[in-house]
Each structure stands twice: as structure tokens, then as C-alpha cells.
Amino acid sequence: MLVKLAAGAVVLGIIPVALISVGGLPSGPREDLVPYETRTVGAEEQWRQRVGAICKWELKQGKAFNRAFRRAAAPVDVAFMFKSLIRLNDESTAIFARLEAPLEFRRESKDLLRYLRQERAGLADALRAFRDRRRAAFFRSVRRLAQAQAKIGGLLIQLGVNGCRVKPITVPDTNDVKIV
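Residues numbered from 1 in each chain as written. Predicted model: local features only at pLDDT ≥ 70, side-chain atom pairs only at ≥ 80, totals over all residues. Heavy atoms only, no water.

It is not clear to me how the packing of helix H2 (residues 43–70) against helix H3 (residues 75–98) should be interpreted in this structure. Could you clarify?
Pairs of packed helices are described in terms of their axes, by the angle between the two and the distance that separates them. The interhelical angle for the contact between H2 and H3, taken along N-to-C directions, is 175°, at an axis separation of 11 Å. Judged on the interaxial angle alone, H3 and H2 are roughly antiparallel. Contacts between H2 and H3 involve Val 51, Ile 54, Trp 57, Glu 58, Gln 61, Phe 65 and Phe 69 from the first element and Val 78, Met 81, Ser 84, Leu 85, Leu 88, Glu 91, Ser 92, Ile 95 and Phe 96 from the second. Residues of the contact of H2 with H3, tallied by class, amount to 11 nonpolar, three polar and two charged. (Axes fitted to C-alpha atoms, helices over the stretch in contact; angles between N-to-C directions. Helix = DSSP H or I, 4+ residues; strand = E, 2+ residues; numbered from the N terminus. Parallel < 35°, antiparallel > 145°, perpendicular 65-115°, else oblique. Contact = heavy atoms within 4.5 Å. Nonpolar A, V, L, I, M, F, W, Y, C, P; charged D, E, K, R; others polar.)

Structure follows, in C-alpha cells:
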């Protein structure tokens with residue numbers, strides 16, 4: 001066994017030396033290679049990536065809520081969905097509030113938080129109007145919600161955040177739609 005290991009070590013040592021002496025392997029470092037270069041990601045790009053990741057998570061949650069809303073059969077289901085959306089909005093607002101924005105995006109970050117709070121207010125008003133069966137107030141609050149979401153989407157597109165491309169909410173005509 002020891003003889004086999006020694007023979008293997010000799011073979012592994014002889015082959016590179018032979019290749020170097022014949023010219024099969026270069027003996028020194030290659031000059032045609034570019035030296036190792038580190039690429040750093042700026043604070044702005046890092047912030048955009050984090051916001052994009054949050055948006056992707058929210059889009060998945062939104063699709064799940066959309067599927068659940070289509071299957072809502074009773075007023076309790078719709079009320080539960082609105083409560084869940086309010087809780088999702090609260091979580092998103094808390095995440096964005098903890099996310100430290102670079103100096104260049106501080107104003108936009110504050111605007112985003114303000115729009116998220118407007119969105120929450122629209123959701124809460126819609127839930128109250130739905131519970132009280134006030135059709136006009138329900139549609140006003142849904143329009144307010146749609147306006148807040150449009151502002152959020154416009155701001156994120158303006159900032160160049162990936163993962164936040166969503167279709168705006170369409171508010172149906174109040175005369176043709178029944179509230180569950």
C-alpha cells in the first residue's frame with residue numbers, strides 16, 4: 001500500500017515537471033489574464049434590490065389574495081380578506097420603515113411610506129363601508145386605494161426598482177356591481 005502511494009506521488013510530481021520543461025505548461029503567471037477585479041454594489045443599487053425583493057414577495061401575497069377573493073362566497077370571507085390585506089399592508093409598512101434608504105432616496109422612501117399609509121386607510125375605510133353596507137362609501141374608499149397604489153407603482157417605476165411591475169386596480173362602475 002505504501003509503495004503504491006509513493007509511486008503515485010512520484011508520478012504526480014514528475015508529470016508537471018516534465019510538462020513545464022517541454023513547454024506544455026507555463027512556468028509563471030500568465031500575462032494574458034486580467035487581474036482579479038472586485039465589483040462593489042452601491043448603496044442605491046442595494047436599496048433597489050431590497051425593495052424589489054419586497055415587491056416580489058408582496059406580489060405573491062397579492063396573487064394569493066386575488067385567488068381567495070374570487071372564491072369568496074359570504075360577506076365574512078370578504079371581510080376576512082380585507083383584514084388580511086390590512087395586516088399585509090402593516091407588515092410592508094414596517095419593513096419599509098426599517099429599511100434604511102440611502103441619502104439619495106430618503107425623500108422617495110418617505111413618500112413611499114406615506115402612500116402605504118394612504119393605502120391602509122383606503123383598505124380600512126373599504127372594510128368599514130362594506131360592514132355597514134354603504135355602497136357609495138365603499139367605492140370611494142376603493143378609488144382612494146387604487147390612487148394610492150398607482151402612486152406607489154409610479155414611484156417605484158420612477159426609481160427603477162425591478163419586481164414591482166403591477167397592473168393598476170380597475171374600479172368597477174358603482175351602478176352595475178353588487179357588494180357581496
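What is the right way to read a positive patch on the surface from this model?
The grouping of Lys 63, Arg 67, Arg 70 and Arg 71 at the surface amounts to a positive patch. In this structure, Arg 70 sits in helix H2. (Patch = residues over 30% accessible without salt bridge, like charges linked within 9 Å, V, L, I, M, F, W, Y side chains within 5 Å. Areas by Shrake-Rupley, 256 points an atom, 1.4 Å probe, with all protein chains shown as cover. Salt bridge = Lys/Arg side-chain N within 4 Å of Asp/Glu carboxyl O. Lys, Arg positive; Asp, Glu negative; His and termini not counted. Charge placed at Lys NZ, Arg CZ, Asp CG, Glu CD.)

For this particular structure, what's the right way to read the side chain of Thr 93?
In this fold, Thr 93 is placed in helix H3. Within the local environment of Thr 93, its side chain forms a polar contact with the backbone oxygen of Asn 89, the two atoms lying 2.8 Å apart. Aside from chain neighbours lying at most four places away, what touches Thr 93 is Leu 113 and Leu 116. (Polar contact = N/O pair within 3.5 Å; in protein donor to acceptor, adjacent residues only side chain to side chain.)

Which parts of the structure should I look at to understand the packing of aromatic side chains?
A ring pair, where both rings are aromatic, is described by two values, the distance of the centres and the angle of the planes. Following the criterion strictly, the structure yields four aromatic pairs and no others. Geometrically, the ring pair formed by Phe 82 and Phe 138 is edge-to-face, given 6.1 Å between the ring centres and 90° between the ring planes. With Phe 82 in helix H3 and Phe 138 in helix H5 (residues 135–159), this residue pair connects regions lying 56 residues apart in the sequence. We note that Phe 82, like Phe 138, is buried. Summarising the aromatic geometry, the rings of Phe 130 and Phe 138 are spaced 6.3 Å apart at their centres and angled 50° between planes, so their arrangement reads as tilted. Each member of the pair, Phe 130 as well as Phe 138, carries the same accessibility label: buried. Three or more aromatic residues joined by ring pairs form one cluster here, namely Phe 82, Phe 130, Phe 138 and Phe 139. The residue whose ring lies beneath Arg 133 is Phe 130, and the NZ or CZ to ring-centre distance is 5.2 Å. (Phe/Tyr/Trp six-rings, centres within 6.5 Å; stacked < 30°, edge-to-face > 60°. Buried < 20%, exposed > 50% of the residue type's maximum accessible area, 1.4 Å probe, protein only. Lys NZ or Arg CZ within 6 Å of the ring centre and 35° of its normal.)

Teacher, can you tell me more about the packing of H3 against helix H4 (residues 106–132) here?
At a minimum axis distance of 10 Å, the contact between H3 and H4 shows a crossing angle of 165°. The angle between the axes of H3 and H4 places the two elements in the roughly antiparallel class. Crossing of H3 over H4 shows left-handed handedness. Residues that form the contact of H3 with H4 fall into these classes: 16 nonpolar, three polar and five charged. (Left-handed = near helix turned anticlockwise from the far one by under 90°.)

Where do I start with the environment of Gln 149 in this structure?
Relative to the elements of secondary structure, Gln 149 occurs in helix H5. Taking relative accessible area as the criterion, Gln 149 reaches 28% and is therefore assigned partly exposed. Note: C-alpha distance between Gln 149 and Glu 119 (30 residues apart in sequence) is 6.7 Å.

So what exactly am I meant to see when it comes to the pattern of salt bridges here?
Oppositely charged side chains can form a pair if their charged atoms are brought close together. Tallying each qualifying case throughout the model produces seven salt bridges. Between Asp 111 and Arg 114 there is a salt bridge, with the nearest N and O atoms lying 3.1 Å from each other. Of the two residues, Asp 111 and Arg 114 both sit in helix H4, three residues apart, roughly one turn of that helix. The class of Asp 111 is buried, set by a relative accessible area of 14%.

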